[in-house]
Amino acid sequence: MAIGTKAGAVKLYGAPGVELTGLHKETATVTQLHFLPGQGWLLSLLDDNTLHLWEVCQKEGCSHLEETRSFGLPGRPGCSPGITRVTVVLPTSACAVACLGTEGGAVYFLTLPTLVLLEDKTLFPDEILQSVPDDYRCGKALGPVESIQEHPRDGGRLLIGYSRGLVVLWEQNTRVVQHLFLGNQQLESLAWEQSGKSIVSSHSDGGYMVWAVSGAGQRTQQPVMSTIPYGPFPCKAISKILWRTCESGNPFIIFSGGMPRASYGDRHCVSVLQGQTLATLDFTSRVIDFFTVQSSEATEGGFENPRALVVLVEEELVAIDLQTPGWPTIPAPYLAPLHSSAITCSCHVSNVPLKLWERIVSVGEQQSPRLSSAAWPIDGGKNLAQEPTQRGLLLTGHEDGTVRFWDASGVSLKPLYKLGTASIFQTDCEHNDSLNQVGEEEWPPFRKVGCFDPYSDDPRLGVQKIALCKYTAKMVVAGTAGQVLVMELSDEKSEHAVSVATVDLLQDREGFTWKGHDRLAPRNGPLPFAPGFQPSVLVQCVPPAAVTAVTLHSEWNLVAFGTSHGFGLFDYYRRNPVLARCTLHPNDSLAMEGPLSRVKSLKKSLRQSFRRIRKSRVSGKKRLNASSPSSKVQEANAQLAEQVGPPEVEMTPVQRRIEPRSADDSLSGVVRCLYFADTFLRDAAHHGPTMWAGTNSGSVFAYALEVPSQEKFSERAVEAVLGKEIQLMHRAPVVAIAVLDGRGNPLPEPYEVSRDLAKAPDMQGSHSMLISSEEQFKVFTLPKVSAKTKFKLTAHEGCRVRKVALVSLASAGSEERLENCLACLTNLGDIHIFTVPGLRPQVHYGCIRKEDISGIASCVFTKHGQGFYLISPSEFERFSLSARNVTEPLCRLEVARLQDTSCLSNSSMVTPKLPQANGTHVPCSPEGQRSPSDSDRSPEEHLAAFSPGPIDSPNSSMENPLDTTGDITVEEVKDFLASSEEAERNLRNVSEDEARPAGILIK
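Residues numbered from 1 in each chain as written. Predicted model: local features only at pLDDT ≥ 70, side-chain atom pairs only at ≥ 80, totals over all residues. Heavy atoms only, no water.

### Regarding the pattern of salt bridges
Note the following rule: Every case where a carboxyl oxygen of Asp or Glu lies within 4 Å of a side-chain nitrogen of Lys or Arg is listed as a salt bridge. Strands here mean DSSP runs of E at least two residues long; helices mean DSSP runs of H or I at least four residues long; both are numbered from the N terminus. When accessible area is computed with a 1.4 Å probe and restricted to protein chains, residues below 20% of their type maximum are described as buried, those above 50% as exposed, and intermediate ones as partly exposed.
With the rule as written, the count across this model stands at 21 salt bridges. Put simply, Glu774 and Arg672 hold a salt bridge, and the shortest N to O gap is 3.5 Å. Of this pair, Glu774 sits in the loop between β50 (768-773) and β51 (776-781) while Arg672 sits in strand β45 (residues 671-679), placing them 102 residues apart in sequence. Assessed through its relative accessible area of 10%, Glu774 is described here as buried. Residue Arg672 is classed as partly exposed on the basis of its relative accessible area of 28%. Across the pair Glu752 and Lys863 runs a salt bridge, and its minimum N-O distance is 3.8 Å.

Quick look at the structure:
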């Protein structure tokens, strides 16, 4: 199966794990794709009217997709360019010729695979009109070619349909019109019946006609059968129709469109008709294309026996089982719609224990029982990738209040389980269920298909933060209206009431009035819950602002949460609040308006802008004051710096001047991060539980916690005492906080040590604390909190920190050799790697385009050096920073070509795989390669699942692709070989832990 995208990508999918990707040199929308059966060739048509030939080539035992030829149809002298615009492409079954129908009504013929135009074979409309009776001609043009279909039993005869309604059966060898079908309704699509005795045509009035094909020289004015399935009222056009014979009885007639224009003109439907059985498959996004998968077993009568219908809509891919009564859907192993509701947050869990994994899979299967026993019908190719060594979960929070669990262990994301939170609150979501219930008398017989549903009845349900403990199966889900749900996995259904607790984060501070949305009202009394994660406690923040940070410590039974007003600590075992701290600045009134409020303080914004301008002018005048002695010293230093020193002297890098941020900036009280640690806070002799909070204004609060032993949880309450309060000099927002043990290693997760899953942290040496702000990284000693080392990222690199994570990178040579590093994603889309605790810069790579703000904001790192980010609303891309931990599709497609034309673009020249900055292998061929910097993908791109192939990269090492469109000289070959040897030397010099390409996740 091949899918083309708006950004010019071509993706091939087969059996699970079989994925190939290519990218056109031109960033243009792919409008048509056609396989050449058995040849390993694929034709693509772009909206710039160019035709491209792709080839499946074998390199190093794996298959790759490469572009080998391109062709543009030349214009006709004296005619407008649009007259040669290609509307239809048909490769013949012999794979020797491709037929091109055009806007002007002409049909051109190209040789395959060379894409050479056969000018003497061109069929112009004038030649057809000579056989058309005068009364039908009436001086009207035939219109564009709408469809070309090859005779199923005789490849020399073509069925050509024109927009006006005329259909002709054309004999290629004798250039004779064998049969005329004189239709008067605008034509949309044509299809043969398998025996070649009948054809079916679909039309713009929402109807289709069946025509009988008789002997040569015949003219047919009336069809055998004509019907408008959803008439009699005006209907929309049937854009595509298929006729598939079936050995068991009536044939299948499958078509898209045809809905009654007035009542259901906005529906996106594909209808399946067999005899008296009709199903109107109703999709939530526009139908792009569809095809059937036939049975592989040959039958005596030549029946097609379709076993599945595959429909590509704008937002998802759906397969229908045509052999099971009721025609149920077949679960897809890839291309699942991640964005069935808009993604609002994501979280990755590495090394999931087998027991928890099996429980999640089990509740997911109970939630979505499989109605079809059929296997996935797209099963071509062979997956060569090894089984994943560890189980990885990707959790996505959505706008409708759901959390979806995805198997992220392999190349493709597979849906495991969906958790809903809307049922806990009083909302209007119940009306969605009525869409699935179809009345007996309803016409058309709609059946809702697919799971893409972008609409949310209440934006307050949106999930903002997720935390999961993989050892105790406890989970925290926090939302837009200040709701924090503590949940636990249960294998059985239950009915119980959810405890509700309220935490006032303002602490009765006067002068603040919340102007934002109201809190969600919880349902009263016992509520039924299906097997899966079930809520036990609902903690409601007041004011009900969106939760900006959350963390869970299941060993201490504590959950910490923060909003734009402050942070709180809650004991979910005793179900009572432990701590609430307001972080608002006295002038921070904007925080009281909420993200959903329309009452933004414009006056305050203008006032602050003028204040900053005035302040910068004053500070500039102060700096220009020549009478001050300090300025004279600065001038002398500047003059010394301008003098040219000896070449062996190494100058210190120039740092940018960073202006401190104002203390009364809007939203300065937003809590950016929360962290639990067992470390030294009060003194160097005693360690204990602590909680850390970082805010938007560069403040860090550290609390010492008195947590009772597990035996006394029910007797004693947890207590929190403020231990330290740190204010960063430039007031830059605190992005992350982490504590390192005496050996400089990150502290293990809860239960990891007690269950012998991690080494115990070093409690003998002094601990240190790593604070990552938007501008710099700084390590402090504990418990004195004195600065140990720092790296000013903004001053050195001119960028700001957006995402950070401590990652464990394993050597490619030895799994035992591990190195803990700090990975940082900046606002420019670059990833920087630093050592910890030394903060020495190691390497940095371009990963995400700096213009892709949503992609940068959605990035999430894994513990072992991989990462995910959204390259479109529907698609995650995976990258890897580890040379050992790489997830990429490795597959092989077997082809049986008539002649050996493998890799037409100079296959004798072998180029090495070059590492891409965004972590994707680019198998380059001299003519098929493309500079990733030229392949910026549009964010509107849908249904994409990239596998190895050239995609956009800000720092590509392939800026000068070899041009082989003309004759190749000996000098060019020598230059190319020299550049290949240099590239190989560069690759050998790369450290073994350098980031290597990885597969990219699907939508």
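The discussion continues.
### Thoughts on the pairing of strand β42 (residues 558-562)
Here is the rule: Only strands joined by at least two bridges in the DSSP assignment are considered to pair.
Burial of β42 is extensive: five of the five residues sit out of reach of the surface. The two faces of β42 match: Leu558, Ala560 and Gly562 on one face and Val559 and Phe561 on the other face are all buried. For strand β41 (residues 549-553) and β42, the ladder comprises five bridges, and the chain directions are antiparallel. Within the sheet, the bridge partner assigned to Leu552 lies in β42 and is Val559. Connecting β41 to the next strand, β42, in antiparallel fashion are four residues, including Asn557 with a positive phi near 60 degrees. Pairing between β42 and strand β43 (residues 566-571): five bridges, direction antiparallel. Directly across from Ala560, in β43, lies its bridge partner Leu569. Linkage of β42 to β43, two consecutive antiparallel strands, is achieved through a turn of three residues.

### Side note on the packing of aromatic side chains
Using the following cut-off: Stacked, edge-to-face and tilted are the three classes for Phe, Tyr and Trp ring pairs, Trp counted by its six-membered ring, which pair at centre distances within 6.5 Å; planes under 30 degrees apart are stacked, over 60 edge-to-face, the rest tilted.
Throughout the structure, instances matching the rule amount to 20 aromatic pairs. Ring geometry for Phe252 and Trp327: centres 5.8 Å apart, planes at 55 degrees, overall tilted. Of this pair, Phe252 sits in strand β21 (residues 249-257) while Trp327 sits in the loop between β26 (317-321) and β27 (329-330), and the two are 75 residues apart along the sequence. When its relative accessible area of 1% is taken as the criterion, Phe252 is described as buried.

### Describing helix α4 (residues 354-367)
Test applied: Expected helix span is computed as 1.5 Å times (number of residues minus one). Arc, as used here, means the arc of the directions from the helix axis to the C-beta atoms.
Compared with the 20 Å implied by 1.5 Å per residue over 14 residues, the 20 Å span of α4 between its first and last C-alpha is a close match. Taken residue by residue, α4 has Leu356, Trp357, Ile360, Val363 and Gly364 as its buried positions. On an axial view of α4, the arc spanned by its buried residues comes to 135 degrees, and they lie on one face. Facing away from the buried side of α4 by more than 90 degrees, the exposed set consists of Lys355 and Glu365.

### Section: the confidence of the model for the chain
Regions with low pLDDT carry predicted coordinates that are not meant to be interpreted in detail. Our working rule: What pLDDT expresses is the predictor's confidence in each residue, scored from 0 to 100. In this analysis, two residues are considered to be in contact whenever any of their non-hydrogen atoms come within 4.5 Å of each other.
On average, residues of the chain carry a pLDDT of 83, and 80% of them reach 70 or more. Segment residues 431-439: pLDDT under 50, and six contacts once partners within four positions in sequence are set aside and those in other chains are kept. Ignoring residues within four places in sequence, the model shows residues 636-652, a span with pLDDT below 50, making zero contacts including any to other chains.

### Thoughts on the nonpolar core
Note the following rule: The set of buried Ala, Val, Leu, Ile, Met, Phe, Trp, Tyr and Cys residues whose side-chain atoms join them within 4.5 Å is what this entry labels a nonpolar core.
In this structure, Leu393, Leu395, Val403, Phe405, Leu419, Met475 and Phe533 are the most contacted members of the largest nonpolar core, which totals 35 residues. If you tally residues by element for this core, the top one is α4, at four residues. Beyond its immediate stretch of four places on either side in the chain, Val403 contacts Leu395, Thr396, Tyr417, Lys418, Leu419, Val463, Ile466, Met475 and Val477. By size, the runner-up hydrophobic cluster in this structure holds 23 residues, among which are Val88, Phe109, Tyr136 and Trp170.

### Brief notes about the sheet that holds strand β25 (residues 306-313)
Reading across the sheet, the four strands line up as β24-β25-β26-β27 and stay open at both edges, with antiparallel pairing between neighbours. Each edge of the open sheet is held by one strand with a lone partner, namely β24 (287-294) and β27. Where β26 lies against β27, two bridges are found, and the strand directions are antiparallel. Across the sheet, Ile320 pairs through a bridge with Thr329, a residue of β27.

### Some words on the environment of Leu182
In this structure, Leu182 sits in strand β14 (residues 176-182). It is 6.9 Å that separates the C-alpha atoms of Leu182 and Gly165, two residues lying 17 residues apart in sequence. Not counting residues up to four positions away in its chain, the partners in contact with Leu182 are Pro133, Tyr136, Leu166, Trp211, Thr220 and Gln221.

### Considering the environment of Cys246
Within the secondary structure layout, Cys246 lies in strand β20 (residues 238-246). Sequence-distant contacts of Cys246, that is, excluding residues within four places in its chain, are made with Pro251, Phe252, Gln274, Phe303 and Asn305.

### Focus: the side chain of Ser341
For the record, the criterion: Definition of a polar contact: a pair of N or O atoms within 3.5 Å, with one able to donate and the other able to accept a hydrogen when the atoms are protein atoms, and with sequence-neighbouring residues admitted only if both atoms are side-chain atoms.
Tracing the sequence through the fold places Ser341 in the loop between β27 and β28 (343-349). Since its relative accessible area comes to 0%, Ser341 is described here as buried. Polar contacts involving the side chain of Ser341 include one to the main-chain amide nitrogen of Asp400, which spans 3.2 Å. With residues up to four places along the chain from it excluded, the contact list for Ser341 reads His398, Glu399, Asp400 and Asp453.

### Here we look at the sheet that holds strand β12 (residues 157-162)
Rules: All axes here are fitted lines through C-alpha atoms, helices being fitted over the stretch that makes contact, and every angle between N-to-C directions spans 0 to 180 degrees.
Strand order in the open sheet formed by five strands is β11-β12-β13-β14-β18, and the pairing between neighbours is mixed. Edge strands, defined here as strands with exactly one partner in the open sheet, are β11 (145-150) and β18 (218-220). Across the sheet, the mean angle separating the axes of adjacent strands is 20 degrees when strand polarity is ignored. Bridging between β14 and β18 involves three bridges; their strand directions are parallel. Opposite His179, over in β18, you have Gln218 as the bridge partner.

### A short note on unusual backbone geometry
For the bond from Val542 to Pro543, the omega torsion is 0 degrees, close enough to zero to count as cis. Relative to the elements of secondary structure, Pro543 occurs in the loop between β40 (532-542) and β41. Of note, the bond from Val836 into Pro837 is cis; its omega dihedral lies within 30 degrees of zero at 0 degrees. Tracing the sequence through the fold places Pro837 in the loop between β55 (830-835) and β56 (841-846). In this structure, Arg175 is a non-glycine residue whose phi angle is positive, near 55 degrees. Within the secondary structure layout, Arg175 lies in the loop between β13 (166-171) and β14. Positive phi, close to 50 degrees, is recorded for Asn351, a residue that is not glycine. Topologically, Asn351 is positioned in the loop between β28 and α4. Look at Asn351 and you get partly exposed, because its relative accessible area is 34%.

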